Amino acid sequence: MNSRELGALGERAAARYLRKKGYRLTAVNFTCRFGEIDLIAEKDGFLVFVEVKTRTEDTPYAPREAVGPAKQRRIILTAELYLSGCRTPLQPRFDVVEVVLQKGNPNKVVRIEQIENAFTL
């Protein structure tokens, strides 16, 4: 399984997880010239821009570590462009959802963790 397929599995698992927690998804894979935002959701007065990072359980580092300063800047620019075309009273927030899949069986989710307010402007 290549990294694109692994990422798609993780994004679907993250979307299910967020829906179960009461989030309403408003966009999936929003793309513009600055980059992509995996999921955009609403809950409790927030418009949440979600970066999903998926790894297998044998990865030696936490998936959230892949969301460094450069990636954060691209996500923020993409979110600003999204907001420029979408009037909303909701407060923007940037979350990271880590999805860890079982080694050898990537269809099995081992762990999902949501890091709320993972980074700010």
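Refer to the structure printed above.
Residues numbered from 1 in each chain as written. Predicted model: local features only at pLDDT ≥ 70, side-chain atom pairs only at ≥ 80, totals over all residues. Heavy atoms only, no water.

Asker: Got a minute to help me understand a positive patch on the surface in this structure?
Answerer: A cluster of basic side chains, namely R12, R16, R19 and K20, defines a positive patch on the protein surface. Tracing the sequence through the fold places R12 in helix α1 (residues 3-20). (Patch = residues over 30% accessible without salt bridge, like charges linked within 9 Å, V, L, I, M, F, W, Y side chains within 5 Å. Areas by Shrake-Rupley, 256 points an atom, 1.4 Å probe, with all protein chains shown as cover. Salt bridge = Lys/Arg side-chain N within 4 Å of Asp/Glu carboxyl O. Lys, Arg positive; Asp, Glu negative; His and termini not counted. Charge placed at Lys NZ, Arg CZ, Asp CG, Glu CD. Helix = DSSP H or I, 4+ residues; strand = E, 2+ residues; numbered from the N terminus.)

Asker: Got a minute to help me understand the side chain of Q114 in this structure?
Answerer: Mapped onto the fold, Q114 is located in strand β5 (residues 105-119). Here Y23 takes part through its side chain, which lies 3.1 Å from a polar atom of the side chain of Q114. Looking at Q114, its side chain comes within polar contact range of the side chain of D95, at 2.8 Å. Setting aside residues no more than four positions away along its own chain, Q114 makes contact with Y17, L18, K21, Y23, R93, D95, V96 and V97. (Polar contact = N/O pair within 3.5 Å; in protein donor to acceptor, adjacent residues only side chain to side chain. Contact = heavy atoms within 4.5 Å.)

Asker: Help me understand the nonpolar core, please; the structure alone is not making it clear to me.
Answerer: Looking at soluble globular proteins, one finds that nonpolar side chains tend to be buried together. With 16 residues, the main nonpolar core has A14, L18, L25, L39, V50, V52 and V99 as its most contacted residues. If you list the elements that add at least two residues to this core, you get α1, β2 (35-43), β3 (46-56) and β4 (91-102). Of all the elements, α1 adds the most residues to this core, at six residues. When neighbours within four sequence positions are excluded, A14 is seen to be in contact with L39, V52, V97 and V99. The next biggest cluster of nonpolar side chains, apart from the first, holds 14 residues, and it includes A27, L47, A79 and Y82. (Core = buried A, V, L, I, M, F, W, Y, C linked by side-chain atoms within 4.5 Å. Buried < 20%, exposed > 50% of the residue type's maximum accessible area, 1.4 Å probe, protein only.)

Asker: Explain the packing of aromatic side chains to me, please; I cannot follow it from the model alone.
Answerer: How two aromatic rings sit relative to each other is set out by the distance from centre to centre and by the angle between their planes. Evaluation of the coordinates by the stated rule reveals four aromatic pairs. When the ring of F49 is compared with that of F94, the centres are 5.5 Å apart and the planes differ by 25 degrees; the resulting orientation is stacked. In this pair, F49 is assigned in strand β3 and F94 in strand β4, connecting sequence segments 45 residues apart. Residue classification places F94 among the buried positions, given a relative accessible area of 6%. For the pair F94 and F119, a centre-to-centre distance of 5.1 Å together with 20 degrees between the ring planes defines the contact as stacked. Remark: F119 occurs in strand β5 and F94 occurs in strand β4; sequence separation between them is 25 residues. The same class applies to F94 as to F119, namely buried. (Phe/Tyr/Trp six-rings, centres within 6.5 Å; stacked < 30°, edge-to-face > 60°.)

Asker: Honestly, the pairing of β3 in this entry has me stumped. Any pointers?
Answerer: Within a regular strand, side chains alternate between the sheet's two faces. Across the 11 residues of β3, nine count as buried, placing the element largely inside the fold. For β2 and β3, the ladder comprises five bridges, and the chain directions are antiparallel. Paired with I40 across the strands is F49, a residue of β3. Hairpin connection between β2 and β3: a loop of two residues separates the two successive antiparallel strands, and D44 in this loop has a positive phi of roughly 50 degrees. (Pairing = 2+ DSSP bridges.)

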